[in-house]
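Per-entry structural report
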Amino acid sequence: YSTECYLLLIALAVSSFFCNAGLLELSLGKFRNVLLNQTNPVEAVIRNIASNVTVVIFQVHAQQSIFLSPSNPSVNNSGTGVDKGLVSILRPQQSVCTWYLRSRDASQVLSTAISIPYMEKDPIPGGCNLEFDLEVDPNIYLDYTLVDIHIKFAPANLGYTRGANPPSCDSGTGQNSRWRLRYDVYQYFLPENDLSEMVLMSHIRKMSEVQSIKANGIKMLTLTTDDKTNVYFSSLPGQGVIYNVIVWDPLWNTSAAYVPVHTYACSFADLVDNCSSLSKLSTKVFFTALAVLGLFTCFFGHRFWKTDLFFMGFIFTAFFFFVFITRVTGLGYDVHLTLTAVAGIIGGLFLVASWWRSGSVLLCMFIIGLVLGFLFSSMVFFTPLGDYRVFRDDVVFWVTFSSVALMIPVLFIGCPRILNILASAMVGSYTVILAIACYVYTSLAYITLDLLRRVLNDYFSRAYTNVPFQTNDFIILSVWTMLALSGVTVQLRRERSEVPFPPHPYVTWKRERERRSTNVLDPSHHIPPLRERIHNKLLHIKEFFQKEQPAGERTPLLL
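An unreviewed UniProt entry lists the protein under the name Transmembrane 7 superfamily member 3, with Buteo japonicus given as the organism. Note on the protein: under the UniProt heading Subcellular location (unreviewed entry), the record states "Membrane".

**Description of the overall build of the protein**
The helix and strand tally for the protein stands at 13 helices and 16 strands. A total of 559 residues make up the protein; the buried ones form 46% of that total. When contacts within the protein are restricted to residue pairs at least 6 apart in sequence, long-range pairs at least 24 apart make up 76% of them. When the accessible surface of the protein is summed, it comes to about 28,800 Å², and 61% of that surface belongs to carbon and sulfur atoms.

**What to know about the layout of surface pockets**
By volume, the second largest pocket is sized at about 640 Å³. If you trace the second largest pocket, you find 26 residues lining it, with Val87, Ser88, Ile89, Glu135 and Val136 closest to the centre. Secondary structure elements with two or more residues in the lining of the second largest pocket: strand 5 (79-89) and strand 6 (97-103). Considering each element in turn, the lining of the second largest pocket owes the most residues, four residues, to strand 5. When the residues that make up the lining of the second largest pocket are grouped by side-chain class, the tally is 15 nonpolar, nine polar and two charged.

**Some words on the UniProt feature "transmembrane region" (unreviewed entry) in the protein**
Per the UniProt annotation, the sites labelled "transmembrane region" (unreviewed entry) are residues 285-302, 309-329, 335-356, 363-383, 395-415, 427-449 and 474-492. Within the segment residues 309-329, helix and strand shares are 95% and 0% respectively, and the terminal C-alpha atoms sit 29 Å apart. Regarding residues 335-356, the helix share stands at 100% and the strand share at 0%, and the terminal C-alpha atoms are separated by 32 Å.

**Observations concerning empty space enclosed by the protein**
Scanning all chains against the criterion turns up one cavity of 30 Å³ or more. Space inside the largest cavity adds up to approximately 200 Å³. Along the wall of the largest cavity there are 16 residues; nearest its centre are Phe381, Phe397, Asp450, Arg454 and Thr465. Among the secondary structure elements, those contributing two or more residues to the lining of the largest cavity are helix 7 (361-382), helix 8 (394-411) and helix 10 (446-456). At five residues, helix 10 tops the list of elements feeding residues into the lining of the largest cavity. The residue inventory of the lining of the largest cavity, partitioned by class, reads nine nonpolar, four polar and three charged.

**Quick look at the environment of Gly217**
Secondary-structure assignment places Gly217 in the loop between helix 3 (210-216) and strand 11 (218-224). Once the C-alpha coordinates of Gly217 and Val185 are considered, the two residues, 32 residues apart in sequence, prove to be 9.2 Å apart. Contact partners of Gly217, with chain neighbours within four places excluded, come to Tyr186, Gln187, Met207 and Ser212.

**Notes on the environment of Ile367**
Looking at where Ile367 falls in the secondary structure, it is placed in helix 7. Measuring from C-alpha to C-alpha, the distance between Ile367 and Gly313 comes to 7.6 Å, with 54 residues separating the pair along the chain. Beyond its immediate stretch of four places on either side in the chain, Ile367 contacts Phe316 and Leu351.

**Comments concerning the nonpolar core**
Ranked by internal contacts, the top residues of the largest apolar core, which has 88 residues, are Ile151, Tyr183 and Phe233. With eight residues, helix 7 is the single largest residue contributor to this core. Of all hydrophobic cores here, the second largest spans 23 residues; its members include Leu26, Val34, Phe58 and Ile66.

**Quick look at the environment of Ser78**
Tracing the backbone through its elements, the reader meets Ser78 in the loop between strand 4 (55-70) and strand 5. When its relative accessible area of 14% is taken as the criterion, Ser78 is described as buried. Counting along the chain gives ten residues from Ser78 to Leu68, while the straight-line C-alpha distance between them is 5.7 Å. Dropping the residues within four chain positions of it, Ser78 is found in contact with Phe67, Leu68, Ser69, Pro70, Leu86 and Leu134.

**A closer look at the packing of helix 5 (residues 305-328) against helix 10**
A pair of packed helices is captured by two measures, namely the crossing angle of their axes and the spacing between those axes. Closest axis-to-axis distance for the helix 5/helix 10 pair is 10 Å, and the angle between their directions is 40°. Here helix 10 runs oblique to helix 5, going by the angle between their axes. Of the two possible hands of crossing, helix 5 and helix 10 adopt the one that is right-handed. Here Phe319, Phe322, Val323, Thr326 and Arg327 of helix 5 lie close against helix 10, whose contacting residues are Leu451, Leu452, Val455 and Leu456. A class-by-class count of the residues in the contact of helix 5 with helix 10 yields seven nonpolar, one polar and one charged.

**Let's talk about the pairing of strand 6**
Burial of the side chains of strand 6 is restricted to one face: Cys97, Trp99, Leu101 and Ser103 are buried, whereas none of Thr98, Tyr100 and Arg102 on the reverse face is. Here five bridges tie strand 3 (residues 42-46) to strand 6, and the two strands are oriented antiparallel to one another. What sits directly across from Glu43, in strand 6, is Tyr100. Bridging between strand 4 and strand 6 involves five bridges; their strand directions are antiparallel. Residue Phe67 lies in a different strand from strand 6, and its bridge partner there is Arg102.

Cut-off values and rules
- Residues numbered from 1 in each chain as written.
- Predicted model: local features only at pLDDT ≥ 70, side-chain atom pairs only at ≥ 80, totals over all residues.
- Heavy atoms only, no water.
- UniProt positions renumbered as here; feature names shortened; annotations may be inferred.
- Helix = DSSP H or I, 4+ residues; strand = E, 2+ residues; numbered from the N terminus.
- Buried < 20%, exposed > 50% of the residue type's maximum accessible area, 1.4 Å probe, protein only.
- Contact = heavy atoms within 4.5 Å.
- Areas by Shrake-Rupley, 256 points an atom, 1.4 Å probe, with all protein chains shown as cover.
- 1 Å grid on protein atoms, 1.4 Å probe; cavity = no way out; pocket = protein on both sides within 12 Å on 5 of 7 lines; lining within 4 Å.
- Points joined across faces, edges and corners; volume = space filled by probe spheres on them.
- Nonpolar A, V, L, I, M, F, W, Y, C, P; charged D, E, K, R; others polar.
- Core = buried A, V, L, I, M, F, W, Y, C linked by side-chain atoms within 4.5 Å.
- Axes fitted to C-alpha atoms, helices over the stretch in contact; angles between N-to-C directions.
- Parallel < 35°, antiparallel > 145°, perpendicular 65-115°, else oblique.
- Left-handed = near helix turned anticlockwise from the far one by under 90°.
- Pairing = 2+ DSSP bridges.

The structure is reproduced here in structure tokens:
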């Protein structure tokens, strides 16, 4: 554990004393870790609240579901979830706030709690809620699939003094109403390959208050009151992500933060395909086998030309077949992957056979260049460029993507050997990265996965595709770069004195056959036809099994 984790363990030991007593004393703006269970609710109390504080947002975070309510719980003022918060609108002279919290599971749940104060000029998150259960709802609601993550929240309202009536939410759209408010959506990535509660507790603190959110989070977009208060992001199963929203009042230059929400885009409770075992066995087998062939192609692709053709034909056919069968049929994932592998093998063999028959290097190089172009174009849109609003339009995106992809075979049309070596090294080494992603999380897998998601899902264009880039990704990127550069270097040195491409086998065979039929001085000219040679061989075999006849005269003597 790190020093930070040890400090959290000490804090947890101290807080457990209060949990046993059923009382948790809090201070404004200070985090406290607490163990919750289902049978003994914990009473959280804040005392001596200053008179200039008009609103207190109390929030609790855990990896398992918890129940949070005020002293008089009802449907409109309590809630359940892994990231839950309640707003307390303070009355005149009120200086104490009380909440009750417990876990929904019988086992003990580690959680962290904080109460954040706001003044009369600060906007109130969720103050104009018309969609969710709470009367004033500062929570961010999150849903996820394997493809995308959807967050939504209630609009905020303007702040006001204690005892006053809240400003109307629909009285007008001028600068004196809530319509002047702006919403900044932030994203924060937890450390890769770490699903522990301690890590979540330590990092959720960085996304709870306005200043720490601005210092640590990544600002993704800004919404006005005219925009819908929901945003989509690409799903990253197994990778922890925290989202939060800061509402800003430009008139008073004041801000307030909603309750942060986190997700791993997977379930800890599922027995199969849970957060600890996301990759299916079929996926591991498929990409591991592809990586073995890709590693061979990375260093020897141009030398073993037919193997290179098979590899590129496999990838090209498998990609489009997987898209087609997923769009058209409703078969299971394992069946899809098996049929895709079979189709890829057929496609690879077909490309080899077409070259053997026609001898068209140009057609083969166009396919190879297209595969490299698709990878290069995916890398371009993997950068922040892919999140530009203009590319939310599918027509603009696909025209731009196709143009970048087609640029590669067009640029290298005059030097096909260089194109083939670059393609075999780059694409072959990337299959190794995809195989690594089956065992260890890496964001580099989403270079092509996000492209596949956009092809298969009509609404994926609305999702922001930002991904973390941490130590693990830098190491794997270095491996990819090393493999690609080594593959290019080895192949260029080996092939510099060789012919650009091997001779076409079918044409060579026809030329050799004509030479043998016309050149009588060639010893091969006198070789019998294949049919006659087979017949002679069979006669020799037959004679081998015949019984040897005894020597001597077998006819009667003549008188």
